[in-house]
Amino acid sequence: MMVVAVSAAAALAVERFPPPDFTDHQLPQTTTPHGRWLGWEYFDMAALAAGLVLASYFALGRRSRKGLVGLATVAMVWLGFWRQGCVCAIGAIQNVSLAVFDPSYTVPLTVIAFFALPLLVTLFFGRTFCAAVCPLGAVQELTLVRPVRVPGWVDQSLGLVPFIYLGAAVLFAATGAGFIICQYDPYVGFFRLSGNAAMITFGICLLVIGLFIGRPYCRYLCPLGAIFGLFSRVSGRHVRIPPDECIQCRLCEDACPYGAIRPPTVPQTPAERARGRRRLGWMLALAPVLVVVGTGLGYTLATPLSLVHREVRLAERMKLEEAGKVEGTIDASDAFRNTGRPARELYTEAIALRERFAFLGGLLGGWVGLVIGMKLVHLSIRRKRDEYSPDPAWCVSCGRCFEYCPSEQQTLIQELPTLEKSGV
Amino acid sequence: MASSSDKLDRRQFVGNGVRIAGAIGLGGFVGFLAGRRGSADDTVWQIDPNKCIACGNCATYCVLDESAAKCVHSYPMCGYCELCTGYFEPDPNDLNSGAENQLCPTGAIVRKFVEEPYHEYSIDEALCIGCAKCVKGCNAFGNGSLYMQVRHDRCLNCNECAIAVACPSQAFVRVPASNPYLLKHKGTGA
Ligand code: SF4
Ligand code: SF4
Ligand code: SF4
Ligand code: SF4
């Protein structure tokens, strides 16, 4: 039925004026220029794999900050300026979510690779992807000139945002409402040297903030960074500040511009320990409450939230127009009427979407509750540390702290004469 | 001392287990995704000309300063009209190529006399900014032979096309990269 209506409309549109039959005039051809050669996709994947291997080697094997900075520069030029910010590991979260919920969507191979490879490497070696392969990380790494310390509680609280952002991004992608990570990517305008005014302003603000506060996007926004943090916690080989033994000289204490260095723990008195245990008990009890409250809130807020989806928005508008509650029509409702589809179909679709939003909104709310709860629990747990060490969740393996360690200096000096002898 | 090294061993063991489980889980998920996509072609963005209402968003919402969406012409569909409603302003002073008579803000349409009374209209793509004014004019009173397409030599194939988000008629669709245009043909209207 629909097909008939459309083709009837199209047939009306054509041949108001019969096209002439020229005898000696050749009609021009409509050109169809092709895009990038598809083989480049494989090149991108290979480059990603090579970048990850090199970054891990520079961070863990060579312990070379110079190598990491060089590689980050290459990554920024290649993935940022040349590939113009698409394909991107952070954005890949959304393609993957969409693919899970919508079987008709074809997720590109490159996207699968950009999603999975960095996670795999982080699982074993920590966030070496962040150190030198991520173009967004690279921009921030290279533009940090005068790091200032962010108070711990600000760091910890803002550090919750990426988890919430992650949940929201998955929700919007899964419902087909849009790719918010791409829409609010602050640096893509910089890579492309164009974009809309609001996003350029946001980008410039973050770049300026990033001159003083290390990696603001990575620490307080990046949804992929949130997943990396979890994966990195279990990484077997993670960067260490001293090349061998920590002599607790405290020289590296303030070396990390990202607030990732944790001091060794001091032994607690029994009273302190008891207090800590009580606190942990409270937090463990609080966590499920937060989850329940969050789920309820998310479920309630999902209905207004569903207006983000244009199909739902259009259905709302159509209903108002049909009921005569608003004057006139808008482009979107005109376009819908032009298709000849019955409005009822649209309403049914919108209701289904709204249900999906309610379900996923509840999940999102629960997730936010869980994240806050786990954060509180985590802050109440004390793990024994014998040396100054990077917190694997926060450390991006940038290598800045290496040179602060006197043992590192020692090894470098020892290496010098051999280098000279070998004529380097 | 023995107990502390035992503890380390145990930690190592648990850690390995977690990592291997994580890697297997990730591998399984990749397998699932790969299975989902099957052997399908990667996709690029394109405008379905049957849905496009020539609203003009294409010119302003593309992430590129000069939009990747431009007007193209289906010559076999064109009536070669003397008074082209895609070319001329409504009520033109004169049927000539004076700028004040043209609909196109950049003068991107080239009007060429073929034979009485027919004129050929072609697009100078370097000038076209994708405003869709001509498309609207042609759809309203002509044969609908002018229409919008994403030009893939320019398009960056954004993960999510910024125009698609703003397109009121949801005309932006993902199409196979090996067949990246939705051309209008004579007779079919599409
Ligand atoms: S490598 Fe050192 S300086 Fe860099 S993020 Fe990790 S702890 Fe901080
Ligand atoms: S935004 Fe959509 S409706 Fe408007 S001109 Fe572009 S394709 Fe056509
Ligand atoms: S009127 Fe607009 S869309 Fe048509 S050729 Fe001119 S610039 Fe391009
Ligand atoms: S995919 Fe990007 S470059 Fe291409 S038309 Fe859409 S916004 Fe423009």
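As shown above, the structure is provided for reference.
Below you will find a few notes about this structure. Since we're looking at a predicted model, the values are computed, not measured. (Residues numbered from 1 in each chain as written. Chains lettered and ligands numbered in written order. Predicted model: local features only at pLDDT ≥ 70, side-chain atom pairs only at ≥ 80, totals over all residues. Heavy atoms only, no water.)

**Brief notes about the overall build of chain B**
Here is step 1: Looking only at helices and strands, one finds four helices and six strands in chain B.
Here is step 2: Whereas a compact globule of 190 residues would reach a radius of gyration of roughly 16 Å, chain B reaches 27 Å, over 25% beyond that.
Here is step 3: Considered along the principal axes of its C-alpha atoms, chain B spans approximately 100 × 30 × 25 Å.
Here is step 4: In chain B, which comprises 190 residues, the proportion classed as buried is 47%.
Here is step 5: In chain B, the share of contacts with a sequence separation of at least 24, taken over all contacts with a separation of at least 6, comes to 71%.
Here is step 6: For chain B, the exposed surface amounts to about 8900 Å²; the carbon and sulfur share of it is 56%.
Here is step 7: If you average the places of the 17 positive and of the 19 negative side-chain charges in chain B, the two averages end up 15 Å apart. (Helix = DSSP H or I, 4+ residues; strand = E, 2+ residues; numbered from the N terminus. Rg over C-alpha atoms; globule rule 2.2 N^0.38 Å. Buried < 20%, exposed > 50% of the residue type's maximum accessible area, 1.4 Å probe, protein only. Contact = heavy atoms within 4.5 Å. Areas by Shrake-Rupley, 256 points an atom, 1.4 Å probe, with all protein chains shown as cover. Lys, Arg positive; Asp, Glu negative; His and termini not counted. Charge placed at Lys NZ, Arg CZ, Asp CG, Glu CD.)

**Notes on a positive patch on the surface**
Here is step 1: Residues A:Arg233, A:Arg383, B:Lys7, B:Arg10 and B:Arg11 make up a contiguous surface patch of positive charge.
Here is step 2: If you tally residues by element for the positive patch, the top one is helix 1 (residues 2–37) of chain B, at three residues.
Here is step 3: Relative to the assigned elements, A:Arg383 resides in the loop between helix 18 (343–380) and strand 2 (389–390).
Here is step 4: Residue A:Arg383 is classed as partly exposed on the basis of its relative accessible area, which comes to 42%. (Patch = residues over 30% accessible without salt bridge, like charges linked within 9 Å, V, L, I, M, F, W, Y side chains within 5 Å. Salt bridge = Lys/Arg side-chain N within 4 Å of Asp/Glu carboxyl O.)

**Notes on helix 15 (residues 270–305) of chain A**
All names here are of chain A.
Here is step 1: Between its terminal C-alpha atoms helix 15 stretches 49 Å, which fits the 52 Å expected from 36 residues at 1.5 Å a residue.
Here is step 2: Every buried residue of helix 15 is accounted for by Met 283, Ala 287, Gly 294, Gly 298 and Ala 302.
Here is step 3: Tucked into the core, helix 15 has its buried residues touching helix 18. (Expected span 1.5 Å × (residues − 1).)

**So, the packing of helix 9 (residues 161–174) of chain A against helix 18 of chain A**
Residues and elements named next belong to chain A.
Here is step 1: As a packed pair, helix 9 and helix 18 sit with axes 9 Å apart at the nearest point and diverge in direction by 165°. It follows that helix 9 is roughly antiparallel to helix 18 by the angle criterion. For the pair helix 9 and helix 18, the crossing hand works out as right-handed. Touching Phe 163, Ile 164, Leu 166, Gly 167, Ala 168, Leu 171, Phe 172 and Ala 174 of helix 9 are Arg 356, Phe 357, Leu 360, Gly 361, Leu 364, Trp 367, Val 368 and Val 371, all from helix 18. (Axes fitted to C-alpha atoms, helices over the stretch in contact; angles between N-to-C directions. Parallel < 35°, antiparallel > 145°, perpendicular 65-115°, else oblique. Left-handed = near helix turned anticlockwise from the far one by under 90°.)

**Quick look at unusual backbone geometry**
Here is step 1: A cis amide bond, omega -5°, links B:Glu116 with the succeeding residue B:Pro117.
Here is step 2: Mapped onto the elements, B:Pro117 comes out in the loop between strand 3 (109–115) and strand 4 (118–123).
Here is step 3: For A:Ser397, which is not a glycine, the phi torsion comes out positive at approximately 60°.
Here is step 4: Its location among the elements puts A:Ser397 in the loop between strand 2 and helix 19 (406–421).
Here is step 5: Judged by relative accessible area, which is 0%, A:Ser397 ranks as buried.

**Thoughts on a nonpolar patch on the surface**
Here is step 1: Together, A:Leu286, A:Val289, A:Val293, A:Leu297 and A:Leu301 give the surface a local cluster of nonpolar side chains, amounting to about 430 Å² of exposed area.
Here is step 2: Relative to the assigned elements, A:Leu286 resides in helix 15.

**Overview of empty space enclosed by the protein**
All names here are of chain B.
Here is step 1: Applying the stated criterion across every chain, the model contains seven cavities of 30 Å³ or more.
Here is step 2: Reported here for the largest cavity is a volume of approximately 110 Å³.
Here is step 3: Forming the boundary of the largest cavity are 15 residues, of which Cys 62, Ala 68, Cys 155, Cys 158 and Cys 161 lie nearest the centre.
Here is step 4: Tallied by class, residues from the lining of the largest cavity come to 14 nonpolar, one polar and no charged. (1 Å grid on protein atoms, 1.4 Å probe; cavity = no way out; pocket = protein on both sides within 12 Å on 5 of 7 lines; lining within 4 Å. Points joined across faces, edges and corners; volume = space filled by probe spheres on them. Nonpolar A, V, L, I, M, F, W, Y, C, P; charged D, E, K, R; others polar.)

**Some remarks on the site of ligand 4**
Residues and elements named next belong to chain B.
Here is step 1: Taken together, the neighbourhood of ligand 4 is formed by Trp 45, Cys 62, Val 63, Leu 64, Ala 68, Cys 155, Leu 156, Cys 158, Cys 161, Ala 162 and Ile 163.
Here is step 2: When atom positions are compared with the pocket grids, ligand 4 is found to occupy the largest cavity.
Here is step 3: In the shell around ligand 4, the residues fall into 11 nonpolar, no polar and no charged. (Near = heavy atom within 4 Å. Sits in = over half its atoms within 2 Å of the grid points.)

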